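Structural characterization, general
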Amino acid sequence: MSGITNWFEYVGDRWSDVWGASWDHLMLVIQVMIVATVLSVAVGVAVRNNATLRNIALGVAGILITIPSLALFTIFIPIVGLGFKPAFIALLLYAILPILRNTITGLREVDPNVLESARGMGLNGTQRLIRVQLPLAWPVILAGIRVSTLITTGFAAIATLVAGPGLGIFIKDGLRRLGLPLSMESVWTGTIFTILLALALDLVLSTIGRFTTSRGVR
Amino acid sequence: MNQSDTTEPMIRLDRVSKVYPGQSSPAVAELSLDIARGEVLVLVGPSGCGKSTTLRLINRMIEPSNGRIIFDGEDVTGVNPDLLRRRIGYVIQQIGLFPHMTIADNVATVPRLLGWKKDKIRARVDELLDMVGLEPNVYRDRYPKELSGGQAQRCGVARALGADPEVLLMDEPFGAIDPITRDRLQNEFLRLQSELKKTIVFVTHDIDEAMKMGDRIAILKESSQIAQLDKPEHILAYPVDDFVDDFIGSGSTLKGLSFERVRDLELSPYPMIRHNAGHAQARRVLDEAPQRWLLVLDDMDRPLRWVNDSHLDRTDRPLRDLGHPVRAKVEPNATLHDTLEAMLTSMAGCACVIDKRGSLQGVVEIEALTDVIRRLRANARKHYEDENGQSQPTGTPS
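A few points on the structure. Remember, predicted model here, so these are calculated numbers, not experimental data.

What counts and how
Residue positions are given per chain, counting from 1 as you read along its sequence in written order. Labels follow written order: the first chain is A, the first ligand is 1, and so on. Residues qualify for local features only when their pLDDT is at least 70, as the model is predicted, and side-chain atom pairs are given and counted only at 80 or more; totals for whole chains, interfaces and linings, by contrast, use all residues. Each side-chain value is worked out from all heavy atoms of the structure, with water and hydrogens disregarded. Nonpolar side chains (Val, Leu, Ile, Met, Phe, Trp, Tyr) are joined into patches within 5 Å and like charges within 9 Å, using only residues with over 30% relative accessible area and no salt bridge. Using a 1.4 Å probe, accessible areas were evaluated by the Shrake-Rupley method; residue-level cover was limited to the displayed protein chains. Salt bridges, as used here, are contacts in which a Lys or Arg side-chain nitrogen is within 4 Å of a carboxyl oxygen on Asp or Glu. Residue exposure (1.4 Å probe, protein chains only): buried if accessible area is under 20% of the type maximum, exposed if over 50%, otherwise partly exposed. Nine residue types can take part in a nonpolar core, namely buried Ala, Val, Leu, Ile, Met, Phe, Trp, Tyr and Cys, and a core is a set of them joined through side-chain atoms within 4.5 Å. Counting from the N terminus, the helices are the DSSP runs of H or I reaching at least four residues and the strands are the DSSP runs of E reaching at least two. Throughout, a contact is declared for two residues whenever any of their heavy atoms are within 4.5 Å. Any two strands are treated as partners once DSSP identifies two or more bridges connecting them. Convention adopted: a line fitted to C-alpha atoms gives each axis, helices being fitted over their contacting stretch, and angles between N-to-C directions are expressed from 0 to 180 degrees. Simply put, the buried area is the total loss of 1.4 Å probe accessible area from both parts when two parts are fitted together. What qualifies as a polar contact is a pair of N or O atoms within 3.5 Å, subject to a donor-acceptor requirement within protein and to the restriction that residues adjacent in sequence count only when both atoms come from side chains. Amino acids outside the nonpolar list (Ala, Val, Leu, Ile, Met, Phe, Trp, Tyr, Cys, Pro) and the charged list (Asp, Glu, Lys, Arg) are all regarded as polar, and Gly is one of them. Residues scored as positive are Lys and Arg, those scored as negative are Asp and Glu, and His as well as the terminal groups of each chain are ignored.

A separate point is a nonpolar patch on the surface. A cluster of nonpolar side chains, A:Ile30, A:Ile34, A:Val35 and A:Val38, forms an exposed patch at the surface whose accessible area comes to about 320 Å². With relative accessibility at 31%, the residue A:Ile30 sits in the partly exposed group.

Residue and element names in this part refer to chain A. Ranked by size, the top nonpolar core spans 49 residues in total, and within it Leu28, Val32, Phe73, Ile99 and Ile145 carry the most contacts. Listing elements by their share of this core, those giving two or more residues are helix 1 (2–13), helix 2 (15–47), helix 3 (51–66), helix 4 (69–74), helix 6 (84–108), helix 8 (125–155) and helix 10 (183–212). When residues of this core are assigned to their parent elements, the largest contribution, 14 residues, is made by helix 6. Residue contacts for Ile145: discarding those within four places in its chain leaves Met33, Thr37, Ile99, Trp138 and Leu205.

Attention shifts here to the sheet that holds strand 8 (residues 199–204) of chain B. Residue and element names in this part refer to chain B. Sheet architecture is open: six strands sit in the order 6-7-8-3-9-10, paired in mixed fashion. Two strands bound the open sheet, and with one partner strand each, they are strand 6 (88–92) and strand 10 (225–230). Looking at each pair of strands side by side, their axes are set apart by 15° on average, direction ignored. The pairing of strand 7 (residues 167–171) with strand 8 spans five bridges and is parallel. Looking at the pairing, Leu168 lines up with Ile200 of strand 8.

Okay, unusual backbone geometry next. Residue and element names in this part refer to chain B. With a phi close to 55°, Arg60 is a non-glycine residue in the positive phi region. Positioned with a positive phi, Asp164 is a non-glycine residue whose angle comes to about 55°. Assignment of secondary structure puts Asp164 in the loop between helix 7 (149–160) and strand 7.

Another aspect to go through is the interface of chain A and chain B. Taken together, the 21 residues of chain A in the interface contact 26 residues of chain B. Summing the contributions of chain A and of chain B, the shared interface buries around 2,100 Å²; its carbon and sulfur component is 57%. At the surface where chain A touches chain B, the tally comes to two salt bridges. Here B:Glu146 and A:Arg215 are joined by a salt bridge, their closest N and O atoms 3.6 Å apart. At the junction of chain A and chain B, the tally comes to 11 residue pairs in polar contact (both at pLDDT 80 or more). Those elements that provide at least two residues to the side of chain A that touches chain B are helix 7 (112–120) and helix 8 of chain A. A per-element tally of the side of chain A that touches chain B places helix 7 of chain A first, with seven residues. Broken down by class, the residue content of the side of chain A that touches chain B amounts to eight nonpolar, eight polar and five charged.

This part takes up the pairing of strand 6 of chain B. All names here are of chain B. Burial of strand 6 is extensive: five of the five residues sit out of reach of the surface. Sheet analysis places strand 6 next to strand 7, joined by five bridges and oriented parallel. Opposite Ile88, over in strand 7, you have Val167 as the bridge partner.

A few words on the side chain of A:Arg48. Assignment of secondary structure puts A:Arg48 in the loop between helix 2 and helix 3. Here A:Arg48 sits buried without a salt bridge, and the closest side chain of opposite charge, B:Asp82, lies 12 Å off (N-O distance). Dropping the residues within four chain positions of it, A:Arg48 is found in contact with A:Arg54, A:Leu107, A:Arg108, A:Leu129 and A:Gln133.

With that settled, the discussion passes to the side chain of A:Thr213. All names here are of chain A. Note that Thr213 resides in the segment after helix 10. By relative accessible area, which is 11% here, Thr213 ends up buried. Within the structure, the side chain of Thr213 is placed 2.7 Å from the backbone oxygen of Gly209, a separation counted as a polar contact. Look past the residues within four positions of Thr213 in its chain and what remains in contact with it is Trp138, Pro139 and Arg218.

To continue, consider the environment of B:Val353. Mapped onto the elements of the fold, B:Val353 is located in strand 16 (residues 351–354). For B:Val353, a relative accessible area of 2% translates into the label buried.

Okay, here's the thing in structure tokens:
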């Protein structure tokens, strides 16, 4: 009981630091997700009709996700230096696979008869993509974005190792002073606010989904 | 038989072929076919004969390997296929409604592509939904998943008619629908077509549907070779070869009777008498006539009873109480098929033709039907002999 009280005191005393780190964390995740979504959907659209390209794209994205996270955050430092940039790049590379895979699946799952009738009415390739395929694939793509956002929010806590922004700083400080007073309160602060952030983002995305998915395919 | 030579066909396939790489025989081999304005041409044949491929060559969903497609006098073999398709309605068996769009948005697809104004599109959508029997206020804002199979296919037809195309291509449009709904949709479609007078190419594997829907039928064998191309009644009366004969199946004579109507029959006289006449007079009329039965009429000339020799003189009961009641009655616009069915249930083996008030117009005997069948066959044979005579002047005259 006293542990929890202490933790609230700890957060209360450092509220502006906690708020600032949360905000930086959020901004990092949002920027990563916007770029990852645009990139993954674009690649998914580009490779959707070619089995070889599809397999290459999914293979590359799959390899990226197997690179140990500590390594992925550090290998870009020689090129882009410390701070926001290496964290952004590492998170972006992790975020691609779920969105890319769902984009390809979603586009390929569109009923061929629907595409046949779209073609038969004179919709050209771009019109079929924008008016038919993407709207029908959208719920699946969005599911990928949500998975990717959860992963990215969690992983973003590592950004602090490369002097990046975010809530990871509380976890790192706690670990560094492990056994000293308030070290666990610090770790819990980083962990809990990361989780809260992830839940909030997921709620926002599911709301967006409700408003952007046609009633006809819900 | 050369009335169509004077007007230009709506669609002309000129030695069109489709060869898929790696396949030994072409899917469509050198097919030439003229489709007249306003006609329903049915392509029918066993599966794999290339009928769907042929249909899809017309709107270039499949690109021909060889030959030319002439649409409304214009060679469209090389034009932008998307622009061509916006001028041709297309209905497929699986319908392919856009599940994420409302019924109204589905129907508005082609008008939107063509850049129509919003009010014009809205009015057109309501008109079309009304036309296919979907109340606009109820269905406009629904989604395809909320429709039954029959309603979805109506919506598919409305969507194909969106921008009022002159030509409709229909690939087994009623194939996936239960028999009762299919029959209703077919009838509605025929009624619609009698008003719209579109040029329609209709693919089916069901010969009965072909006979019902087609102004002309092309029976196709493998590689889309035309085995016979003619009006349904000619094909039924005179299948040109064993393939066609097998394909139209047994009962073609009976089916042929569906295309003939009672009003076109020449009816021979039949012995008849008023209900209040005496038995002696009735016997005299019956003796003078070659028929075995006498028809008793009421004061309004409505048929009452069938009476024969064995019923007369046995009692004093008036004629209206003798013999058997008349049940087999048909109106002048009944088909001979329905008439035959009525005759088979009749005591005298005859059907009475009556007008709207029930008064007798004549009696159909079995000989009248066999005459019709003989005449149909003779006409069809003559039609084919004339054609052969034109193309092969050495053909033996009959």
